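Report on the structure
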Amino acid sequence: MTFQRKMLFGFSLMVLPALLIGIEAIRTNVLERDALQLLGQNMARTRTYSELETAMFNQSEIIWRYLSGLDPHARDEFRATGVVIKYWQQRWRSELRPNESQLANSTEEIQRRIELVADSVFALYDSGQREASYHMAQRDLRDQLLPALTQLNRDIYRQARESSVRGAYSRLEEIVTGERDALIAILIFAVGAGLLASWLISRGLARPISQLRMAMARVGAGEVELPIDVSSPDEIGDLARSFAQMTESLEQSQAGTTRLNSELQRKVSQLETTQAQLVQSEKLASIGEMAAAVAHGIRNPLASLRAAAQVALRHPEASSSREHLTVIIEEVDRLDRRVSHLLSFSKPAPYHPLRESVARLVEDLLPTFSELLREKGVQLTLDIATKLPDVRVDPMQLEQALVEIVSNALDAMPNGGSLRISASATGATGATGDHAVVIVEIADTGVGIPARALESVFEPFFTTRTEGTGLGLAIAKRYVEQNGGAIEISSVAGAGTTVRIRLSGIEDDAPAGASSSAPQAAHSTVSGA
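Structural notes, computed from the coordinates. (Residues numbered from 1 in each chain as written. Predicted model: local features only at pLDDT ≥ 70, side-chain atom pairs only at ≥ 80, totals over all residues. Heavy atoms only, no water.)

Describing the pairing of strand β6 (residues 486-492)
A one-sided burial pattern is seen for β6, the buried positions being Ile487, Ile489 and Ser491 and the unburied ones Ala486, Glu488, Ser490 and Val492. Here 7 bridges tie β6 to strand β7 (residues 496-504), and the two strands are oriented antiparallel to one another. Note on β7: the bridge partner recorded for Ser490 is Thr498. Between the antiparallel neighbours β6 and β7 lie 3 residues, among them Gly494 with a positive phi of about 85°. (Buried < 20%, exposed > 50% of the residue type's maximum accessible area, 1.4 Å probe, protein only. Helix = DSSP H or I, 4+ residues; strand = E, 2+ residues; numbered from the N terminus. Pairing = 2+ DSSP bridges.)

Structure, rendered in structure tokens:
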């Protein structure tokens, strides 16, 4: 027997109890529906008789209304009600079982007597004998017929209750008992079928699979020469034969794998050597690029220094010697700035984040450039929003980044212009500034940057000025990104440049690493002299 047939046989034994339970459930449902339908028919007969009873009592009330003299049309209503009573009597009789026809005869007899009494009462009343008609109605209708009708109603309702409710309950009890016995039989059969299916599956499936698993484990441990015994004729046997073929192929490929591993190790060794050479070449290229930038930045100041020193040496007593010495000092300061830039880029300062106010950082920056603003005739405008959220940054690094950006802006306005520093917050809806982004914007009206050079301004040693080092914006970008921010630049040649720094705000209740109680700056304007 194949594996597929074994599985189908086992599943069939498992599904058969469920099928039997479903058949029993359907049979029980049909029997219960029949019992409920019978109960519904009994209830319908009861409702029909209820309508008949109501009509008969209403007809007796019409007689009293006629005797009171308040309803002249009561006699016509009595005849119409009689027609309704006959309709309900006929319908009720058609719904009764043959052994219950005596009940219909009793109600028809009482109705016949009520009509006879009514005819007599109406005749006496119409002849003027009203008191006699009233006494007849009391004696024959109220004291005899209505009590008899009430007693008959009780008997009919009691018999309907016994024949409908109790009969339905007995029938349902029989159905439940039969269903319980059937389910017990199905349960016993299911247990037996399950045990039989488990034994067949274990004998035909589990044991061969267990043997194959043990063989796989041994082969996986390295015993590729292990012989695989194939005895099962089904799909598991096919799997074992395929595994035996795979083991043979694996044994044959081990030698090739060993050879490939040796060759791979040799290639890896060659690759490591090549990589080391590439790294060394890249380092030499970086050193060469840095050396070229340093040589380019130092050669011109050195030439100026040499020329000024030669003039001062030839004419030490001349009044122009002081001017040449001043030039020497300026060029030395210029060289010092270039070296400082180079050191800042090659070995940045350690990162020490503190809680800081952006307004305070900007205000502390202004004294550094106040003299230079006056010399260049640059008008400074501050636009710092109130209630800015604090930021967590290294104040030294962020201040250095702002210094580099403002210095570049002033260098771009040799003939004066306008410099605007603004700060605002965005992305926050709460008063605490949670998840806010603080944007610091430095905009100048200088010469601008050509569009082709805009993508390279943050690269080290890239500059558009002959006296520039090409490290200012690179240092600013490194410090801003190290503090978790982002920097972007936009420029229009001949119109000016705008640099934006985005920093993440922090909550008001965050632990403070440094005091940030400086007041927020408002809009102000500082004019250069």
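Comments concerning the packing of aromatic side chains
Per the stated rule, a full pass over the model turns up 5 aromatic pairs. Taking the centre distance of 5.7 Å and the plane angle of 75° together, the rings of Trp64 and Tyr134 count as edge-to-face. Of this pair, Trp64 sits in helix α1 (residues 3-68) while Tyr134 sits in helix α4 (residues 130-220), and the two are 70 residues apart along the sequence. (Phe/Tyr/Trp six-rings, centres within 6.5 Å; stacked < 30°, edge-to-face > 60°.)

Concerning the environment of Gln144
Among the secondary structure elements, Gln144 is positioned in helix α4. Its relative accessible area of 40% is what places Gln144 among the partly exposed residues. Once residues lying within four places of it in the same chain are set aside, the contact partners of Gln144 are Arg113 and Arg139. (Contact = heavy atoms within 4.5 Å.)

Description of the side chain of Thr498
Considering the arrangement of structural elements, one finds Thr498 in strand β7. Note on Thr498: relative accessible area 16%, which makes it buried. Leave out the neighbours within four places in its chain, and Thr498 touches Glu441, Ile442, Ala443, Glu488, Ile489 and Ser490.

Considerations on the packing of helix α7 (residues 358-376) against helix α8 (residues 395-411)
Contact pair α7 / α8: the axes reach a minimum separation of 10 Å and the direction vectors enclose 25°. By the criterion of interaxial angle, the relationship of α7 to α8 is roughly parallel. The hand of the α7/α8 crossing is right-handed. Counting all contacts with α7, which are made through Leu361, Asp364, Leu365, Phe369, Leu372, Leu373 and Lys376, the residues of α8 involved are Pro395, Leu398, Glu399, Leu402, Val403, Val406, Ser407 and Leu410. Of the residues that constitute the contact of α7 with α8, the class distribution is 11 nonpolar, 1 polar and 3 charged. (Axes fitted to C-alpha atoms, helices over the stretch in contact; angles between N-to-C directions. Parallel < 35°, antiparallel > 145°, perpendicular 65-115°, else oblique. Left-handed = near helix turned anticlockwise from the far one by under 90°. Nonpolar A, V, L, I, M, F, W, Y, C, P; charged D, E, K, R; others polar.)

Some details on the environment of Ser60
Note on placement: Ser60 falls in helix α1. For the pair Ser60 and Leu146, spaced 86 residues apart in the sequence, the C-alpha separation amounts to 8.3 Å.

Section: the nonpolar core
Residues Ile405, Val406, Leu410, Leu419, Ile442 and Ile501 are the most contacted members of the largest nonpolar core, which totals 45 residues. At 8 residues, the largest contribution of residues to this core is made by α8. When near neighbours in sequence (up to four residues on either side) are disregarded, Leu410 contacts Phe369, Leu372, Leu373, Lys376, Val378 and Leu419. Among the nonpolar cores identified, the runner-up in size contains 31 residues, and Leu103, Phe122, Tyr125 and Leu146 belong to it. (Core = buried A, V, L, I, M, F, W, Y, C linked by side-chain atoms within 4.5 Å.)

A word on a nonpolar patch on the surface
Residues Leu19, Leu20, Ile23 and Phe189 make up a contiguous nonpolar surface patch of roughly 340 Å² in combined accessible area. Per-element tally for the nonpolar patch: the top contributor is α1, with 3 residues. Inspection of the secondary structure puts Ile23 in helix α1. By relative accessible area, Ile23 is classed as partly exposed at 49%. (Patch = residues over 30% accessible without salt bridge, like charges linked within 9 Å, V, L, I, M, F, W, Y side chains within 5 Å. Areas by Shrake-Rupley, 256 points an atom, 1.4 Å probe, with all protein chains shown as cover. Salt bridge = Lys/Arg side-chain N within 4 Å of Asp/Glu carboxyl O.)

Side note on unusual backbone geometry
The backbone phi angle of Lys387 is positive, close to 55°, even though this residue is not glycine. Inspection of the secondary structure assignment puts Lys387 in the loop between β2 (378-384) and β3 (391-393).

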